[in-house]
Amino acid sequence: MLFDPNDPAVEASRQRRRLLLGAAAGTAVVVLGSRAVIVDDDPRANELRPDGRPRRPPGQRLLRTIKPMGGTPGDPNPAAFRLRVYGEVARPFELRYDELLAMPQVEQACDVHCVTGWSVLGSRWVGVPLRALAERAGVDGSARHVIFEAAYGYTANLRLDEALASNVLVAHAYEGAPLLRPHGPPVRALVPDLYFWKSAKWLTGVRFSPVDRPGYWEIRGYHNHADPWLEERYS
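In this text the structure is predicted, and so the values were computed from the model without any measurement.

Engineer: Looking at this structure, how should I read the overall build of the protein chain?
Structural biologist: A count of helices and strands for the protein chain gives four helices and 13 strands. In the protein chain, which comprises 235 residues, the share counted as buried stands at 51%. Long-range pairs, those at least 24 residues apart, make up 68% of the contacts in the protein chain between residues at least 6 apart in sequence. When the accessible surface of the protein chain is summed, it comes to about 11,100 Å², and 54% of that surface belongs to carbon and sulfur atoms.

This is how it looks when you write it as C-alpha cells:
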C-alpha cells in the first residue's frame, strides 16, 4: 500500500509515535491537548496476572482514567443503534440497543493499554461477552478471525480465539455510567489483552471471517496482532 503523506491518518500515526518517544524520554504525557494524570506509584503495577505477566506491560505509564483517543464519531443515539452479527455463521442477526441490554450482562474490572504508552488498571465496564453473540449466531467451523466494524468504515481485526476470550465484551457502560461521546457510544468493543485500538468504538458490526482482514490502523503501519507485553506497536 502506498502512503499519502497528507493523509490525516498518517499524520495521526506520526503524532502517536512522537508521543511514545516523549513518554520514553520522561516528558509529561499529553493526549489530545489535555495533560494526563500519571499514577505510576500504583502498587498494582507490580502485581502479576494469572498468566504470570506483570499487570503493567513494558513502556507503559499508568493513568487514572482512559483518554479520548480521537476517531470519526458515529451516532451516539441508542435509539439509532444497530449491531449486525454475521459472516461465517449459521444464524446471522441484528441487535437493537434495548435488545443488547436484555441479554445477560457482565460487569468486569480489567486493565487497558493504549499503543501511545498509557495504561489504566482496574477500569470497570459493563457489556455482553462477545462469545455469547457468537453462540447465538452459531459460528461456523470455517471462521478464523473476527472483524469489528464501526462508524465510517473503521475496522479492527482479531484472531477468533482471542476474540472469544471471556473478558472480551461488547460494552455499553464505563465506570458506572453509559459510555460518553469521546469513548464511542452507545456501544464499543472491549479487548483488554490487546492494545486499545483493537477495541473499536461506535461499534456497528461483528463479522466472522475465514481469512484475516487487517483493519484501519493495521494497514497504516500498526502491528497486526498488538500484544502489549511484546510491544507489538508497529509493523
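Next comes the rest of the account.
Engineer: Where do I start with the environment of Gly71 in this structure?
Structural biologist: Positionally, Gly71 belongs in the loop between strand 3 (61-62) and strand 4 (82-87). On the accessibility criterion, Gly71 (60% relative accessible area) is exposed. Spatially, the C-alpha atom of Gly71 lies 8.3 Å from that of Lys201, the residues being 130 residues apart in sequence.

Engineer: Which parts of the structure should I look at to understand the pairing of strand 5 (residues 93-96)?
Structural biologist: Looking along a regular strand, one sees the side chains alternate between the two faces of the sheet. Alternating residues of strand 5 divide into Phe93 and Leu95, all buried, and Glu94 and Arg96, none buried. Counting the residues in the hairpin turn of strand 4 and strand 5 gives five residues.

Engineer: Would you mind showing me how to read the nonpolar core here?
Structural biologist: For soluble globular proteins, nonpolar side chains are generally found buried alongside one another. Core analysis: the biggest nonpolar cluster contains 40 residues, and Leu83, Leu130, Leu133, Phe148 and Phe208 have the highest contact counts within it. Contributing elements (two or more residues each) for this core: strand 4, strand 5, helix 2 (97-102), helix 3 (130-137), strand 8 (145-150), strand 9 (155-159), helix 4 (160-163) and strand 13 (203-209). Among the nonpolar cores identified, the runner-up in size contains 15 residues, and Met69, Cys114, Trp118 and Leu179 belong to it.

Engineer: Could you clarify how one ought to interpret the sheet that holds strand 8 in this entry?
Structural biologist: Through backbone hydrogen bonds, the strands of a sheet pair up, either in parallel or in antiparallel fashion. Taken in spatial order, the five strands make up an open sheet running 5-4-13-8-9, and their pairing is mixed. At either margin of the open sheet sits one strand with a lone partner, and together these are strand 5 and strand 9. Strand-to-strand, the axes of this sheet are offset by a mean angle of 15°, without reference to chain direction. Most of the contacts of helix 3 go to strand 5, to which it runs at about 135°, and overall it touches strand 4, strand 5, strand 8 and strand 13.

Engineer: Honestly, the environment of Gly127 in this entry has me stumped. Any pointers?
Structural biologist: Mapping Gly127 onto the fold places it in strand 7 (residues 118-129). A relative accessible area of 0% places Gly127 in the buried class. The sequence separation of Gly127 and Gln108 amounts to 19 residues, and the corresponding C-alpha distance is 8.7 Å.

Engineer: Could you clarify how one ought to interpret helix 3 in this entry?
Structural biologist: Along an α-helix, residues three or four positions apart point the same way, because every turn accommodates 3.6 residues. Looking at helix 3, one finds that the buried residues are Leu130, Leu133, Ala134 and Ala137. Buried residues along helix 3 cover an arc of 100° about the axis, so they all sit on one side. Within two residues after helix 3, Gly138 carries a phi angle of roughly 70°, on the positive side.

Engineer: Sorry, what's going on with the packing of aromatic side chains here?
Structural biologist: Two numbers describe a pair of aromatic rings. These are the distance of the centres and the angle of the planes. For the coordinates displayed, the defined rule picks out 10 aromatic pairs. Where Trp118 meets Phe196, the ring centres are 6.2 Å apart and the plane angle is 75°; that geometry is what we call edge-to-face. Taken together, the positions of Trp118 in strand 7 and Phe196 in the loop between strand 12 (188-190) and strand 13 put the pair 78 residues apart, joining distant regions of the chain. On the basis of relative accessibility, which here comes to 0%, the residue Trp118 falls in the buried class. On the basis of relative accessible area, Phe196 is assigned to the buried category, the value being 8%. With centroids separated by 4.9 Å and ring planes inclined at 35°, the aromatic side chains of Trp217 and Tyr222 adopt a geometry described as tilted. Taking the relative accessible area as the measure of exposure, Trp217 reaches 8% and is therefore buried. Judged by its relative accessible area of 0%, Tyr222 falls in the buried class. Grouping aromatic residues by their ring pairs yields a cluster made of Tyr154, Tyr195, Trp197, Tyr216, Trp217, Tyr222 and Tyr234. A cation over an aromatic ring shows up here: Arg84 above the ring of Tyr86, its NZ or CZ 3.7 Å from the ring centre. Looking at Arg136, its charged tip hangs above the ring of Phe93, at a distance of 4.4 Å from the centre.

Engineer: Where do I start with the pattern of salt bridges in this structure?
Structural biologist: When charged atoms on two side chains of opposite charge get close, those side chains can pair. Under the counting rule described, the total for this entry stands at 17 salt bridges. Of the charged contacts, one joins Lys198 and Glu218 as a salt bridge, the two residues approaching to 2.7 Å between their closest N and O atoms. Of the two residues, Lys198 sits in the loop between strand 12 and strand 13 while Glu218 sits in the segment after strand 13, which places them 20 residues apart along the sequence. Taken individually, Lys198 and Glu218 each receive the classification buried, so the pair is uniform in this respect. Linked through salt bridges whose partners overlap, the residues forming this network are Arg49, Asp51, Arg53, Asp193 and Asp227.

Rules used in this analysis
- Residues numbered from 1 in each chain as written.
- Predicted model: local features only at pLDDT ≥ 70, side-chain atom pairs only at ≥ 80, totals over all residues.
- Heavy atoms only, no water.
- Helix = DSSP H or I, 4+ residues; strand = E, 2+ residues; numbered from the N terminus.
- Buried < 20%, exposed > 50% of the residue type's maximum accessible area, 1.4 Å probe, protein only.
- Contact = heavy atoms within 4.5 Å.
- Areas by Shrake-Rupley, 256 points an atom, 1.4 Å probe, with all protein chains shown as cover.
- Pairing = 2+ DSSP bridges.
- Core = buried A, V, L, I, M, F, W, Y, C linked by side-chain atoms within 4.5 Å.
- Axes fitted to C-alpha atoms, helices over the stretch in contact; angles between N-to-C directions.
- Arc of directions from axis to C-beta.
- Phe/Tyr/Trp six-rings, centres within 6.5 Å; stacked < 30°, edge-to-face > 60°.
- Lys NZ or Arg CZ within 6 Å of the ring centre and 35° of its normal.
- Salt bridge = Lys/Arg side-chain N within 4 Å of Asp/Glu carboxyl O.

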